[in-house]
Amino acid sequence: MPFTLVVYGATGDLASRKLFPALYTLYREGALDDWRMIGFARREWNDDTFRSEISKSLDRSGFDSTARDAFLSRCSYIRSEFDDPKGYASLAESISDQRELIHYLATTPDNYRKIVERLGAAGLARLRSAATRVVVEKPFGRDGNEAQKLNRYIAERFDEESIFRIDHYLGKETVQNIAVFRFGNSIFEPVWNNAHIEFVEITVAEAVGVETRAAYFEKSGALRDMVQNHILQLLALVAMEPPSSLTADAIRDEKVKVFRSLRSLDSAAIARDTVRAQYGAGIVEGNSVPAYRDEKGVSPGSVAETYAALKIHLDSWRWAGVPFIIRTGKRLSRRLSEITVHFKAPPIDLFPRGWTGGNKLVFRIQPDEGLTLYLDTKIPGLQDKSRSVSMDFLYGTGFGIPSPEAYERLLLDALIGDGTLYTRRDEVESSWAFIDPIRKAWDENVSPLRSYEAGLSGPSESVQLPLSFGKTWRRL
Ligand code: BG6
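Bear in mind that the values here come from a model prediction, so they are computed numbers and not experimental data. (Residues numbered from 1 in each chain as written. Predicted model: local features only at pLDDT ≥ 70, side-chain atom pairs only at ≥ 80, totals over all residues. Heavy atoms only, no water.)

Some remarks on the packing of aromatic side chains
A complete count under the given rule lists 28 aromatic pairs for this structure. With centroids separated by 5.8 Å and ring planes inclined at 80 degrees, the aromatic side chains of Phe 20 and Phe 50 adopt a geometry described as edge-to-face. Linking Phe 20 in helix α1 (residues 13-28) with Phe 50 in helix α2 (residues 47-60), this pair joins segments that are 30 residues apart in sequence. Classification of Phe 50 as buried rests on a relative accessible area of 0%. Pairing Tyr 27 with Trp 35 gives two aromatic rings, centres 5.6 Å apart and planes at 70 degrees, and the pair type is edge-to-face. Since its relative accessible area comes to 1%, Trp 35 is described here as buried. By way of ring pairs, the aromatic residues Tyr 24, Tyr 27, Trp 35, Phe 63 and Phe 71 are connected into one cluster. (Phe/Tyr/Trp six-rings, centres within 6.5 Å; stacked < 30°, edge-to-face > 60°. Helix = DSSP H or I, 4+ residues; strand = E, 2+ residues; numbered from the N terminus. Buried < 20%, exposed > 50% of the residue type's maximum accessible area, 1.4 Å probe, protein only.)

Things to note about the packing of helix α8 (residues 214-239) against helix α13 (residues 425-443)
At their nearest, the axes of α8 and α13 sit 10 Å apart, and the two run at 145 degrees to each other. When the axes of α8 and α13 are compared, the crossing they make is right-handed. Taking contact as the criterion, the partners of Ser 220, Leu 223, Arg 224, Val 227, Gln 228, Leu 232 and Gln 233 in α8 are, on α13, Glu 427, Val 428, Ser 431, Trp 432, Phe 434, Ile 435, Ile 438, Arg 439 and Trp 442. (Axes fitted to C-alpha atoms, helices over the stretch in contact; angles between N-to-C directions. Left-handed = near helix turned anticlockwise from the far one by under 90°. Contact = heavy atoms within 4.5 Å.)

Remarks on the site of the ligand
Residues in close proximity to the ligand include Lys 138, His 168, Tyr 169, Lys 172, Glu 206, Arg 213, Asp 225, Met 226, His 230, Lys 330, Arg 335 and Gln 366, which together make up its full environment. Interatomic distance of 2.8 Å between a side-chain N/O atom of Lys 138 and an oxygen atom of the ligand. Between an oxygen atom of the ligand and a side-chain N or O atom of Lys 172, the distance comes to 2.6 Å. When the ligand sits alone it has 400 Å² of accessible area, and the protein chains cover 81% of it. Looking at the shell around the ligand element by element, the count peaks at 3 residues for α8. (Near = heavy atom within 4 Å. Polar contact = N/O pair within 3.5 Å; in protein donor to acceptor, adjacent residues only side chain to side chain. Areas by Shrake-Rupley, 256 points an atom, 1.4 Å probe, with all protein chains shown as cover.)

Notes on the pairing of strand β1 (residues 3-8)
Counting buried residues in β1 gives 6 out of 6 residues, a clear majority hidden from the surface. Bridge count for β1 against strand β4 (residues 100-105) is 6 bridges, and the pairing is parallel. Following the sheet pairing, Leu 5 is matched in β4 by Ile 102. Strand direction decides the pairing type here: β1 and strand β2 (residues 35-41), joined by 6 bridges, are parallel. Bridge pairing in β2 links Tyr 8 to Phe 40. The β-α-β motif built from β1, the intervening α1 and the parallel element β2 has right-handed crossover chirality. (Pairing = 2+ DSSP bridges. Right-handed = clockwise from strand over helix to strand, strands pointing away.)

Side note on the nonpolar core
If you look at the biggest cluster of nonpolar residues, it comprises 139 residues, and the most contacted ones within it are Leu 5, Tyr 8, Met 37, Phe 71, Tyr 104, Trp 192 and Phe 324. The leading source of residues in this core is α8, at 14 residues. Setting aside anything within four residues of it in sequence, one finds Met 37 in contact with Leu 5, Val 7, Phe 20, Leu 23, Phe 50, Ile 54, Arg 74, Cys 75 and Ser 76. (Core = buried A, V, L, I, M, F, W, Y, C linked by side-chain atoms within 4.5 Å.)

Re the packing of helix α7 (residues 173-183) against α8
As a packed pair, α7 and α8 sit with axes 9 Å apart at the nearest point and diverge in direction by 10 degrees. In terms of axis orientation, α7 runs roughly parallel to α8. Across the interface between the two elements, Val 175, Ile 178 and Arg 182 of α7 pack against Leu 234, Leu 237, Val 238 and Ala 239 of α8. Of the residues that constitute the contact of α7 with α8, the class distribution is 6 nonpolar, no polar and 1 charged. (Parallel < 35°, antiparallel > 145°, perpendicular 65-115°, else oblique. Nonpolar A, V, L, I, M, F, W, Y, C, P; charged D, E, K, R; others polar.)

Concerning the environment of Ser 316
Position of Ser 316 among the secondary structure elements: in the loop between β10 (307-312) and β11 (324-329). Along the chain, Ser 316 and Trp 473 lie 157 residues apart, while their C-alpha atoms are 24 Å from each other.

So, unusual backbone geometry
For the peptide bond that leads from Lys 138 to Pro 139, omega is 0 degrees, which places it in the cis range. Summarising the element assignment, Pro 139 is placed in the loop between β5 (132-136) and α6 (144-155). Following Gln 366, the chain continues into Pro 367 via a peptide bond in cis, with omega recorded as -15 degrees. With respect to the helices and strands, the residue Pro 367 is situated in the loop between β13 (360-366) and β14 (370-378). The phi angle at Ala 67 is positive, at roughly 70 degrees, despite the residue not being glycine. Phi is positive for Asp 368, which is not a glycine, with a value near 50 degrees.

Remarks on the side chain of Gln 366
Inspection of the secondary structure puts Gln 366 in strand β13. In terms of polar contacts, Gln 366 uses its side chain to reach the side chain of Arg 335, at 3.3 Å. In contact with Gln 366, not counting residues within four places along its chain, are Tyr 169, Lys 172, Arg 335, Leu 336 and Ser 337.

Interpretation in functional terms is not warranted from these geometric data alone.
Take a look at the structure:
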């Protein structure tokens, strides 16, 4: 179907780092038919400047110039304020009613409402003759209340099936594989419950600091930036019941049930089971790095957390009694995102040397995408000794083809109207309902802000979370 993609905030970082390279890859792979892209932003650019900026972004992403001119000839630019009706009028003029229209909001969130309102007024939202969709970047609100308001506001102009709320973790190949692993195989699902699983551990560690995004991060912190969306989505995929089909709604129904079963944390639990912290100076991957408070754009007295860890329970039959421990942080020793499912020890330990800590299944989301299963195994020899060995599956060697970037898959899905890897209104609202009391309690200092040295594994206080049931975090 012919379509026009309009990127609001096309002069920004997200557009040049993620969207243009993703669109270019899709184009080169022949995934797009008849299409146009219009950049809509405030900077005094014209079609030529826009095309040359896109070209630079493709250079930065390492693309050669094959097909570049043909690609660029489909791109044009409209300069406008986001609340200026004239900009939307010229947009309306340049769009044929027969083409599908995808509005991509890649601006800062304070512009979302203005843009959506203007789109409605200019007849560029629902009720066009061809399909019309809106893609909304994160963060989706700063809390549940704001998320609800934004949802209502957009729902006045677009139908839910036309609203695509991004969580780019859902576009990662290894994250999509969680559902295939669980429901496309028969051997794990029978043991995927509290009779066999002792606890689940989710880590999203980054080596990078706040980079150029201090203005945003100061208001957000790690809880809003990473936990409310990416980490809770990972948790939902691990914990959800099998969906009745692979339709977007069937899958999202199951994820919503998980969010609704999250046991809400009261003050005592927040003080005991949550840790928030901020990085101090240190050495990351061999380089000295400043403390968060000394980063450009960060207030010297900032209390924004760059690390968050929680112990969570799900009140469901499947998961009653199984702790989920989650942690995320910037400026940790390395970049590592993984989910580890720790299975229980055998009911009777027949072997004199004791169990070495046994069966674990690790979903390695990044880097070294793949799966590892740990098993206790006898060491060859005359003595009865055993140790843990691993069975590994590596995407890199297993398939011999590189995994697509999350944004390629997500963009394509928005263009063809498949919302499976996007979040639904009730998912966003129910995940905020779990986060809001924690955020509020943290703001009231119920759990003090801790600190950690950059380049290590986070604040020492977080050991308490797994230690409360006799375990430790996996080494970073
Ligand atoms: C973004 C957060 O959503 O995800 C960033 O806003 C974070 O703070 C990023 O760095 C991590 O994404 P990835 O794909 O690099 O793990």
